[in-house]
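# Architecture at a glance
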Amino acid sequence: MDIVLICVAFIAGFAAQRCNLPPLVGFLLAGFGLHAMGVESNQAIASMADIGVTLLLFTIGLKLDIKVLLSKEIWAGATIHNLASTAFFTLSLLALKVIGVSAFAGMGVSQLMILGFALSFSSTVFAIKALQDNGEMNSVYGTLAIGILVMQDIFAVLFLTASTGKIPQWYAIFLFALPFVRPLFYKLLNKLGHGELLVLGGIFFALVVGAGLFELVGVKADLGALVMGMLLAGHAKASELSKSLFNMKELLLVCFFLNIGLSDQPTISGLIMAVVFILLLPVKAVFYYFILDRFKFRNRTSLLTSLTLFNYSEFGLIVGGLAYKEGWISSDIMVSIALAVSISFVIAAPINRFSNQIYRRSAQWLRENSDTKINIRDQFIPIEDAQVMILGMGRIGTGAYDELVRRHGPICIGVEIRDDTASHHQHQHRNIISGDVTDSDFWERIQDLQQIELVLLAIPNNKGNHYAFQQLKQRGYQGKIAAIAEYSDQVEEFLDLGADAAFNIYREAGSGFATHVCDTLKPEFTHRNS
């Protein structure tokens with residue numbers, strides 16, 4: 001049967017991809033199809049699904065800045081939205097009860113509130129996948145969405161703890177000592193190298209030190225994985241660790257989406273209620289938009305954040321499962337929640353894929369905040385009098401910057417993705433801004449791009465340079481573009497795309513090394529005839 005699961009999941013995921021949908025849509029449909037044929041979920045699939053979610057939260061933590069959660073637009077925005085959505089869903093379900101919908105006839109107001117609370121969440125798993133697929137994890141709207149989701153996860157953990165009557169053990173207070181143990185974790189990471197031991201170390205930190213330790217003291221395991229990731233986020237290997245776990249996490253998440261489809265048998269009444277929940281879903285997205293707009297974010301940021309969170313959550317299934325276990329809701333309601341979550345994923349997948357196109361079509365009807373009132377995290381980026389823009393301030397970018405300034409004066413502006421590296425360059429009196437050039441949101445905020453005469457693509461990976469090149473062309477940039485590449489075929493690819501110049505960094509480094517040696521040491525060679 002495991003072979004059947006793998007084959008069906010692969011075929012469904014591949015078919016979804018060929019239809020320009022995320023493969024997860026295919027995995028969901030595969031789960032429902034298999035369930036209709038009598039296949040049921042088992043402990044192995046459920047366990048792998050849980051591990052996938054745990055690793056997902058751990059990798060989220062590795063990229064999460066705690067200062068993001070402390071900003072008022074995150075904690076206040078998430079709290080306001082949760083209260084507003086819960087109230088809206090509760091009142092809507094109460095209205096259905098009043099008009100005689102049998103599914104809600106035996107439910108009290110408190111039970112309807114729990115169901116409304118379950119529907120107020122958005123999916124962490126889906127949103128992260130959508131952001132990763134769009135390459136916008138580091139965008140302003142991406143960090144906003146992740147911050148709100150983390151706050152929602154915290155709300156869910158608090159609810160589950162309170163509703164089950166399970167309180168943490170008294171010694172859970174020692175978890176607050178984890179930040180003081182962080183230097184020891186850092187030393188261990190330093191000694192893991194860069195191979196398979198680093199992958200195993202990541203699993204150890206996520207499942208044992210994070211999830212296992214929190215579960216041991218009576219706190220939800222997934223929260224432990226998230227916290228452990230956040231503790232390691234400041235380490236130099238955090239990004240490498242996240243990348244090393246990427247493929248394993250993606251594979252295990254296939255089990256998560258399959259498990260949703262395999263867990264319940266759809267019924268007619270459950271399907272009808274799921275459709276009702278789906279019809280109420282846009283109101284939740286509208287709440288997101290107006291709350292973020294009140295915090296003075298640009299229309300694009302508010303809209304794309306709302307579209308990213310335009311779904312129901314796997315936490316809704318968890319809360320619904322607890323309510324069903326306690327006898328607060330019927331089996332039909334539980335099935336309807338599962339169907340609503342799945343259908344919302346199917347609907348949200350193409351919406352997120354074309355979110356930028358949706359924004360461009362709707363921008364004319366949205367009233368933009370004035371430049372002086374825009375949230376500081378979302379303000380436009382001026383480039384002042386710069387004539388040369390260097391993307392990527394690593395060794396190559398820094399060398400190019402210094403040489404151009406030496407020859408032509410202060411004509412350069414550099415872009416660096418890491419805040420600490422950008423700050424270091426600024427202390428060295430270089431004109432550097434912090435930004436992710438692989439994020440379309442960054443290019444949306446750049447002002448006066450056409451005044452730049454030359455762009456140097458010096459990002460240390462070809463994919464990043466390629467994406468930045470596409471962004472420049474999409475915005476009608478008319479200046480010169482030069483790119484670095486690691487291989488000869490990449491040089492030809494940039495030239496074919498329309499770059500004005502492309503250079504093989506290894507060949508140029510060898511040539512430069514020989515030139516430097518000859519200029520410095522001035523060796524004399526005699527030609528010998530054999």
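Provided above is the structure to which this section pertains.
Everything numeric here is computed off the predicted structure, so don't read it as measured data.

### Looking at the side chain of glutamine 490
Secondary-structure assignment places glutamine 490 in helix α22 (residues 488–497). A residue is classified by how much of its surface remains accessible, and glutamine 490, at 12% relative accessible area, is buried. Setting aside chain neighbours within four positions, we find glutamine 490 in contact with Asn462 and Ala485.

### Considering a nonpolar patch on the surface
Residues Trp170, Tyr171, Ile173, Phe174 and Phe176 make up a contiguous nonpolar surface patch of roughly 670 Å² in combined accessible area. Looking at the secondary structure, you find tryptophan 170 in the loop between α8 (140–164) and α9 (178–190). For tryptophan 170, a relative accessible area of 65% translates into the label exposed.

### Quick look at the pattern of salt bridges
Applying the stated criterion across every chain, the model contains five salt bridges. With its nearest N and O atoms 2.6 Å apart, the salt bridge here joins glutamate 403 to arginine 406. Taken together, the positions of glutamate 403 and arginine 406, both in helix α18 (residues 395–408) and three residues apart, correspond to about one turn of that helix. Given the relative accessible area of 61%, arginine 406 is considered exposed. Across the pair glutamate 403 and arginine 407 runs a salt bridge, and its minimum N-O distance is 2.7 Å. Taken together, the residues glutamate 403 and arginine 407, both in helix α18 and four residues apart, mark about one turn of the helix. Judged by its relative accessible area of 59%, arginine 407 falls in the exposed class.

### Here's the deal with the nonpolar core
Counting residues in hydrophobic clusters, the biggest one holds 101 residues, and the most contacted among them are Phe104, Phe257, Phe277 and Tyr312. With 28 residues, the next largest nonpolar core counts Val415, Phe442, Phe469 and Val491 among its residues.

### Comments concerning the packing of α9 against helix α10 (residues 196–216)
Contact pair α9 / α10: the axes reach a minimum separation of 12 Å and the direction vectors enclose 160°. As the angle between them shows, α9 and α10 are arranged roughly antiparallel. Taken as a pair, α9 and α10 cross one another with a handedness that is right-handed. Residues Leu178, Phe185, Leu188 and Leu189 of α9 form the contact with α10, whose own contacting residues are Leu198, Phe205, Val209, Leu213 and Phe214. In the contact of α9 with α10, the residues fall into nine nonpolar, no polar and no charged.

### Observations regarding unusual backbone geometry
One can expect most non-glycine residues to show negative phi and most peptide bonds to be in trans. Residues other than glycine seldom take positive phi values, yet histidine 429 does so here, at roughly 65°. Along the chain, the position of histidine 429 falls in the loop between α19 (419–427) and β3 (432–434). Under the relative-accessibility criterion, histidine 429 is labelled exposed at 74%. A positive phi angle, near 55°, is found at aspartate 448, a position not held by glycine. Secondary-structure assignment places aspartate 448 in the loop between α20 (440–445) and β4 (454–457).

Conventions adopted
Residues numbered from 1 in each chain as written. Predicted model: local features only at pLDDT ≥ 70, side-chain atom pairs only at ≥ 80, totals over all residues. Heavy atoms only, no water. Helix = DSSP H or I, 4+ residues; strand = E, 2+ residues; numbered from the N terminus. Buried < 20%, exposed > 50% of the residue type's maximum accessible area, 1.4 Å probe, protein only. Contact = heavy atoms within 4.5 Å. Patch = residues over 30% accessible without salt bridge, like charges linked within 9 Å, V, L, I, M, F, W, Y side chains within 5 Å. Areas by Shrake-Rupley, 256 points an atom, 1.4 Å probe, with all protein chains shown as cover. Salt bridge = Lys/Arg side-chain N within 4 Å of Asp/Glu carboxyl O. Core = buried A, V, L, I, M, F, W, Y, C linked by side-chain atoms within 4.5 Å. Axes fitted to C-alpha atoms, helices over the stretch in contact; angles between N-to-C directions. Parallel < 35°, antiparallel > 145°, perpendicular 65-115°, else oblique. Left-handed = near helix turned anticlockwise from the far one by under 90°. Nonpolar A, V, L, I, M, F, W, Y, C, P; charged D, E, K, R; others polar.

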